[in-house]
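Each chain is listed here by its residues.
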Amino acid sequence: MEFTAKSDAQGLVVRYCIPDSPDGRGIDATLSLSINGKFHSKFPMTSKFTYLYGNYPFNNQPSSGTPRHFWDELRIMPGAVHLGDVIRLQKDGDDTANEYLIDFVDLETVPAPLEQPANSVSVTDFGASPEGKSDARPAFLAAISAAKAQHKVVWIPRGQFVIKGSLEVSDITIRGAGMWYSTLVGVDDYTPNSRVAIEGNGSNVTLADFAILGKLNYRDDSEANDGIGGTFGTGSSIRNIWVEHTKTGAWLVNSDG
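The text that follows walks through the structure, step by step, so that each part is easy to find. (Residues numbered from 1 in each chain as written. Predicted model: local features only at pLDDT ≥ 70, side-chain atom pairs only at ≥ 80, totals over all residues. Heavy atoms only, no water.)

Here helix 1 (residues 137-150) spans 20 Å end to end across 14 residues, near enough to the 20 Å set by a 1.5 Å rise per residue. On its buried face, helix 1 is in contact with strand 8 (120-122), strand 10 (153-156), strand 11 (159-162), strand 12 (166-169), strand 13 (172-176) and strand 14 (182-185). Immediately downstream of helix 1, the backbone of His151 shows phi near 55°, a positive value. (Helix = DSSP H or I, 4+ residues; strand = E, 2+ residues; numbered from the N terminus. Expected span 1.5 Å × (residues − 1). Contact = heavy atoms within 4.5 Å.)

In structure tokens:
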């Protein structure tokens, strides 16, 4: 699949589908990216978060039939793409999925990362690892507590932060370097008590400029499994947040103002 860039860009969003595994647990595969005839990189793709089967509330068993859902999205920053560059997606010999369905490729203008704001505390000051080497939830909770006591902003710098469990927020501002740069990531053991989520519990909450990447691969409406949930009262704002692999991006209740 080949096309010519119609504008300059720094990011690519690819909506795709690859076949599921016979047991419904999903497969991983790659797809090759080249720019102007030169190999660039491998797209990491998976079917783990796409297929659901059977009737509502659906399941992960292919034997239940009537597959649905299908599409997943991949975000990458391949570096500068210029007007007129030729973008090519290609199945090479080491790209192992039987087929690749591409719904769209969206070239994105990615802003430069934001700088840490004045009067803020960084989650890394409390031990959060931006390389995703350990559970950063305790550090995030400590940063939120300190920021509230000091009337400061919580800052999420560039990086991948593993969050095992929800973060309850009220009367706090949490900001990141941008939704392409600061990311909260779920753990592989994605049980109800260990899911990355931000739960509102009051007013004057601002969430801005970061991403939440869950690992939900089924639907159960009796569980709280949304990227952002709870109650956000007067003076609250949610903006520039990218959410993937949760039931919904945000499911807010009893919220006003």
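The volume enclosed by the largest pocket comes to roughly 870 Å³. Lining the largest pocket are 31 residues, with Phe49, Leu74, Leu213, Glu244 and His245 sitting closest to its centre. Of all elements in the fold, only strand 4 (38-46), strand 5 (72-76), strand 11 and strand 14 reach the threshold of two or more residues within the lining of the largest pocket. No other element matches the five residues that strand 5 contributes to the lining of the largest pocket. A class-by-class count of the residues in the lining of the largest pocket yields 14 nonpolar, seven polar and 10 charged. Each pocket or cavity is described by its volume, and for the second largest pocket that value is around 520 Å³. (1 Å grid on protein atoms, 1.4 Å probe; cavity = no way out; pocket = protein on both sides within 12 Å on 5 of 7 lines; lining within 4 Å. Points joined across faces, edges and corners; volume = space filled by probe spheres on them. Nonpolar A, V, L, I, M, F, W, Y, C, P; charged D, E, K, R; others polar.)

Oppositely charged side chains can form a pair if their charged atoms are brought close together. A full pass over the atoms with the stated rule returns 11 salt bridges. Here Glu2 and Arg88 are joined by a salt bridge, their closest N and O atoms 3.0 Å apart. Here Glu2, found in strand 1 (residues 2-4), pairs with Arg88, found in strand 6 (residues 86-90); they are 86 residues apart in sequence, far enough to count as distant. In this structure, Asp28 engages Lys48 in a salt bridge whose closest nitrogen and oxygen atoms are separated by 3.4 Å. A residue pair is termed long-range when its members are at least 10 positions apart, and Asp28 in strand 3 (residues 28-35) and Lys48 in the loop between strand 4 and strand 5 qualify at 20 residues. Here the salt bridges do not stand alone but share partners, grouping Lys42, Asp92, Asp94 and Asp95 into one network. (Salt bridge = Lys/Arg side-chain N within 4 Å of Asp/Glu carboxyl O.)

The next thing to look at is a nonpolar patch on the surface. Residues Phe70, Trp71 and Leu101 make up a contiguous nonpolar surface patch of about 250 Å² in total accessible area. Mapped onto the elements of the fold, Trp71 is located in the loop between strand 4 and strand 5. (Patch = residues over 30% accessible without salt bridge, like charges linked within 9 Å, V, L, I, M, F, W, Y side chains within 5 Å. Areas by Shrake-Rupley, 256 points an atom, 1.4 Å probe, with all protein chains shown as cover.)

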